[in-house]
Amino acid sequence: DAKTTQPTSMDCAEGRAANLPCNHSTISGNEYVYWYRQIHSQGPQYIIHGLKNNETNEMASLIITEDRKSSTLILPHATLRDTAVYYCIVRREDSSYKLIFGSGTRLLVRP
Amino acid sequence: NAGVTQTPKFRVLKTGQSMTLLCAQDMNHEYMYWYRQDPGMGLRLIHYSVGEGTTAKGEVPDGYNVSRLKKQNFLLGLESAAPSQTSVYFCASSSAWQGGGYTFGSGTRLTVV
């Protein structure tokens, strides 16, 4: 599975958009980009995933560059409850569907 | 609908003791996974299962054994606990038909003294 690079930490103001970048320059054609978050010490929560098209759901938007070497997770109106560690994961869709986590980005939403 | 349930939630073991962590899911998921998370770090995959009766090693399998005798349960065993196994253990399950998103349990906090 391709390796990802994320900033260690970021912050944003409550009510503003949070844009979390992820580099995955060695991604292969059959690998998807997944985003999860972990609030405090809870179990990680699935946010969104995509292959090459931009995706949007009720939680966030995922923007993947045309060459697929990087992506951005967008939380359109961040709240204090969005303070968490965000993990960008690249995963090959093989028979195991296993996820390999990196160290993620710690997002702090400021009041 | 309980999702993924882990028992116990907390446990303190003495070095050399054994124990089994239970993960149960009620979503009929084929895939199940055990992770550990050390303080300030990301999750690391210990073992996983792609179906009833199957298991496979992840990134950090040493010192652990697993079994998947029933589709809904995935057991993680520590035969002889060591202080290095002090960690929070998370179980997750997934179905190939849900877009690959995992459902995680709330974790088991294990301390080995």
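Summarised in this report is the structure supplied together with it. (Residues numbered from 1 in each chain as written. Chains lettered and ligands numbered in written order. Predicted model: local features only at pLDDT ≥ 70, side-chain atom pairs only at ≥ 80, totals over all residues. Heavy atoms only, no water.)

## Quick notes on the sheet that holds strand β1 (residues 4–7) of chain B
Residue and element names in this part refer to chain B. Read across the sheet, four strands follow the order β1-β3-β8-β7 without closing on themselves; strand pairing throughout is antiparallel. Strands with a single pairing partner mark the edges of an open sheet, and in this sheet they are β1 and β7 (65–67). Direction aside, the axes of adjacent strands within the sheet are offset by 20° on average. As paired strands, strand β3 (residues 19–25) and strand β8 (residues 73–78) are joined by six bridges and run antiparallel to one another. Residue pairing across strands places Ala24 opposite Asn73, the latter belonging to β8. (Pairing = 2+ DSSP bridges. Helix = DSSP H or I, 4+ residues; strand = E, 2+ residues; numbered from the N terminus. Axes fitted to C-alpha atoms, helices over the stretch in contact; angles between N-to-C directions.)

## So, the sheet that holds strand β4 (residues 45–50) of chain A
Each strand in a sheet pairs with its neighbour through backbone hydrogen bonds, running either in the same direction (parallel) or in the opposite one (antiparallel). Residues and elements named next belong to chain A. Pairing within the open sheet is mixed, and its five strands lie in the order β1-β9-β8-β3-β4. This sheet does not close on itself; its edge strands, each paired only once, are β1 (9–13) and β4. With strand direction ignored, the average angle separating the axes of adjacent strands in the sheet is 25°. Of the strand pairs in this sheet, β1 and strand β9 (residues 105–110) are connected by five bridges, and their pairing is parallel. Directly across from Cys12, in β9, lies its bridge partner Val109.

## As for the side chain of Gln6(A)
Residues and elements named next belong to chain A. Summarising the element assignment, Gln6 is placed in the segment before β1. At 3.0 Å, the side chain of Gln6 forms a polar contact with the backbone oxygen of Tyr86. Polar contacts involving the side chain of Gln6 include one to the main-chain amide nitrogen of Cys88, which spans 2.9 Å. Setting aside residues no more than four positions away along its own chain, Gln6 makes contact with Pro21, Cys22, Trp35, Tyr86, Tyr87, Cys88, Gly104 and Thr105. (Polar contact = N/O pair within 3.5 Å; in protein donor to acceptor, adjacent residues only side chain to side chain. Contact = heavy atoms within 4.5 Å.)

## Considering the state of the cysteines
Residue and element names in this part refer to chain A. The full count for this structure, using the stated rule, is two disulfides over all chains. The residue that forms a disulfide with Cys22 is Cys88, at a sulfur-sulfur distance of 2.1 Å. The sign of the S-S torsion, about -80°, decides the handedness of the disulfide formed by Cys22 and Cys88: left-handed. Taken together, the positions of Cys22 in strand β2 (residues 18–23) and Cys88 in strand β8 (residues 84–92) put the pair 66 residues apart, joining distant regions of the chain. On the basis of relative accessibility, which here comes to 2%, the residue Cys22 falls in the buried class. In this structure Cys88 comes out as buried when scored by relative accessible area, which is 1%. (Disulfide = S-S within 2.5 Å. Buried < 20%, exposed > 50% of the residue type's maximum accessible area, 1.4 Å probe, protein only.)

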